[in-house]
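Fold and geometry: a report
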Amino acid sequence: MLVKPLVQVRHLSKHFPVTAGVLHRTIGAVKAVDDVSFDIGCGEILGIVGESGCGKSTLARLILRLVEPTSGQVLFGGKNVSRLAKGELRHLRRKMQMVFQDPHSSLDPRNSIYRSLIEMFLIQKVDMTPQAIGDRIAELLTMVGLKLEHGRAYPHQLSGGQKQRVVIARALSLQPEFIVLDEPTAALDVSVQAQITLLLQNLRDSFNMTYLFISHDLALVDYFCHRIVVMYLGRIVEISPANFADRTPRHPYTKLLMDSVFVADPKLRKTIDHHSGEVSVGENLYNGCVFEPRCAYARPLCRQEVPPLVETAAGEHVACHFPLR
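Below: a short report on this structure. (Residues numbered from 1 in each chain as written. Predicted model: local features only at pLDDT ≥ 70, side-chain atom pairs only at ≥ 80, totals over all residues. Heavy atoms only, no water.)

Re the sheet that holds strand E7 (residues 178–182)
- Taken in spatial order, the 8 strands line up as E6-E7-E8-E3-E9-E10-E12-E11 in an open sheet, and their pairing is mixed. Where the open sheet ends on each side, the last strands, each with one partner, are strand E6 (96–99) and strand E11 (310–313). Recorded for the sheet is a direction-independent mean angle of 25° between the axes of neighbouring strands.
- Relative to strand E12 (residues 316–318), E11 runs antiparallel, the two sharing 3 bridges. Note on E12: the bridge partner recorded for Glu311 is His317. (Pairing = 2+ DSSP bridges. Helix = DSSP H or I, 4+ residues; strand = E, 2+ residues; numbered from the N terminus. Axes fitted to C-alpha atoms, helices over the stretch in contact; angles between N-to-C directions.)

Focus: the nonpolar core
- Membership of the largest hydrophobic core comes to 56 residues, with the highest contact counts inside it found for Ile168, Leu172, Ile179, Tyr211, Phe213 and Tyr253.
- Looking at this core element by element, the count peaks at 6 residues for helix H6 (residues 160–172).
- In this view, Tyr211 contacts Ile40, Glu44, Ile45, Leu46, Phe178, Ile179, Leu181, Leu200, Leu203, Arg204 and Phe224; residues no more than four positions away in its chain are not counted.
- Ile40, Leu59, Leu92 and Val229 belong to the second-largest nonpolar core, a separate cluster that totals 32 residues. (Core = buried A, V, L, I, M, F, W, Y, C linked by side-chain atoms within 4.5 Å. Buried < 20%, exposed > 50% of the residue type's maximum accessible area, 1.4 Å probe, protein only. Contact = heavy atoms within 4.5 Å.)

Topic: the pairing of strand E2 (residues 25–41)
- Direction of pairing for strand E1 (residues 5–20) relative to E2: antiparallel, over a ladder of 12 bridges. For Pro5, the partnering residue across the bridge sits in E2 and is Gly41.
- In this antiparallel pair of consecutive strands, E1 and E2, the connection spans 4 residues, and Gly21 shows a positive phi of 80°.

Focus: empty space enclosed by the protein
- One pass over the structure, following the stated rule, counts 3 cavities of 30 Å³ or more.
- Put simply, the largest cavity is a space of about 100 Å³.
- Surrounding the largest cavity, 13 residues form its lining, Pro252, Cys289, Cys295, Cys302 and Cys320 being those nearest its centre.
- Across the lining of the largest cavity, the residue classes break down as 10 nonpolar, 2 polar and 1 charged.
- Around the second largest cavity, the lining residues are Arg235, Ile236, Val237, His251, Gly288, Cys289, Val290, Val306, Pro307 and Ala319.
- Partitioned by chemical class, the residues of the lining of the second largest cavity number 7 nonpolar, 2 polar and 1 charged. (1 Å grid on protein atoms, 1.4 Å probe; cavity = no way out; pocket = protein on both sides within 12 Å on 5 of 7 lines; lining within 4 Å. Points joined across faces, edges and corners; volume = space filled by probe spheres on them. Nonpolar A, V, L, I, M, F, W, Y, C, P; charged D, E, K, R; others polar.)

Some remarks on the pattern of salt bridges
- Tallied over the entire structure, the rule returns 11 salt bridges.
- As a salt-bridge pair, Arg227 and Glu44 come within 2.5 Å of each other at their nearest N and O atoms. A residue pair is termed long-range when its members are at least 10 positions apart, and Arg227 in strand E9 (residues 227–232) and Glu44 in the loop between E2 and strand E3 (45–49) qualify at 183 residues.
- A relative accessible area of 16% places Arg227 in the buried class.
- Residue Glu44 is classed as buried on the basis of its relative accessible area, which comes to 7%.
- For the salt bridge of Arg294 with Glu51, the shortest nitrogen-to-oxygen distance reads 3.0 Å. Highlighted residues: Arg294 in the loop between helix H9 (252–259) and helix H10 (300–304) and Glu51 in the loop between E3 and helix H1 (56–63), separated in sequence by 243 residues.
- With relative accessibility at 9%, the residue Arg294 sits in the buried group.
- By relative accessible area, Glu51 is classed as partly exposed at 24%. (Salt bridge = Lys/Arg side-chain N within 4 Å of Asp/Glu carboxyl O.)

Digging into the packing of H6 against helix H7 (residues 190–207)
- Put simply, H6 and H7 touch, their axes get as near as 10 Å, and they point 15° apart. By the angle between their directions, the pair H6 and H7 is classed as roughly parallel. For H6 against H7, the interelement crossing comes out right-handed. Seen from H6, the contacting residues are Gly161, Gln164, Arg165, Ile168 and Leu172; seen from H7, they are Val192, Gln195, Ile196, Leu199, Leu200 and Leu203.
- Per-class residue counts for the contact of H6 with H7 are 7 nonpolar, 3 polar and 1 charged. (Parallel < 35°, antiparallel > 145°, perpendicular 65-115°, else oblique. Left-handed = near helix turned anticlockwise from the far one by under 90°.)

What about the packing of aromatic side chains?
- Applying the stated criterion to the full structure yields 6 aromatic pairs.
- Between Phe213 and Phe224, the ring centres sit 4.8 Å apart and the planes meet at 55°, which makes this aromatic pair tilted. A residue pair is termed long-range when its members are at least 10 positions apart, and Phe213 in strand E8 (residues 210–214) and Phe224 in helix H8 (residues 218–224) qualify at 11 residues. The exposure classification of Phe213 matches that of Phe224, with both residues buried.
- Taken together, the ring pairs connect Tyr211, Phe213 and Phe224 into an aromatic cluster. (Phe/Tyr/Trp six-rings, centres within 6.5 Å; stacked < 30°, edge-to-face > 60°.)

Have a look at this one:
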């Protein structure tokens, strides 16, 4: 049970209009995020998993108000982020940072690493002397396992893992309380992924930060996070504690994800239930459960009513009319 939520998401939605014709008339909407609610506790690592197009990255941007929501609200430390003026939001963003998936596009190739790191202090108008800022940047580079001479380098002179360490250092520069990690290891080699994951874990343990960790890698999320949110077509279908290996999934989509995780031992591999179709990238026109067209367990009620997200056990929530047992 979350004693003190740092981030509270309430009925958050983002619908992107679909237009057609020369006049670009609106003929519908893509529900990238649809009526999502959950809390993130102080010091917690909350993971979000789901297939491409399920709304994970859009949800992350909505929480940081990089994208304006269609409806709903986000509370950070009790403050409604969606109602803050630009000046207040800029000040609040000292406590909220984001690490994007691709470190190559996250850094300006024209700026040195030192310049990229000092920019945070200039934009936020931090009251520090140039000497103090230089000392802080040296501390950040050391903190993420880089050398001081890396500050004089340009992005093209660094490896992918080194660039991601720079991006993490930049996110840490103003000592945030909350960091959104949008697939921070997806563009890296496997060996480098392990290093970055260990770095993030050590930083979280050292500074008691709160993470929202987005990934396609279910095994990584299961290892790294305290709780896991499973999304499908913009909606949350299940929330559960980590350690998937020790529990039975309640939603058919979660079971599908778990069964698809590769196991090296042939004797331990599972038989995957047949689910036809693919994730839709167009309009969500379903009147009932968004997973019903692919679900092997669907019944008539699933086509007629949207299942609410209800608590089935302590810390477990599922949006399914007929949860698995």
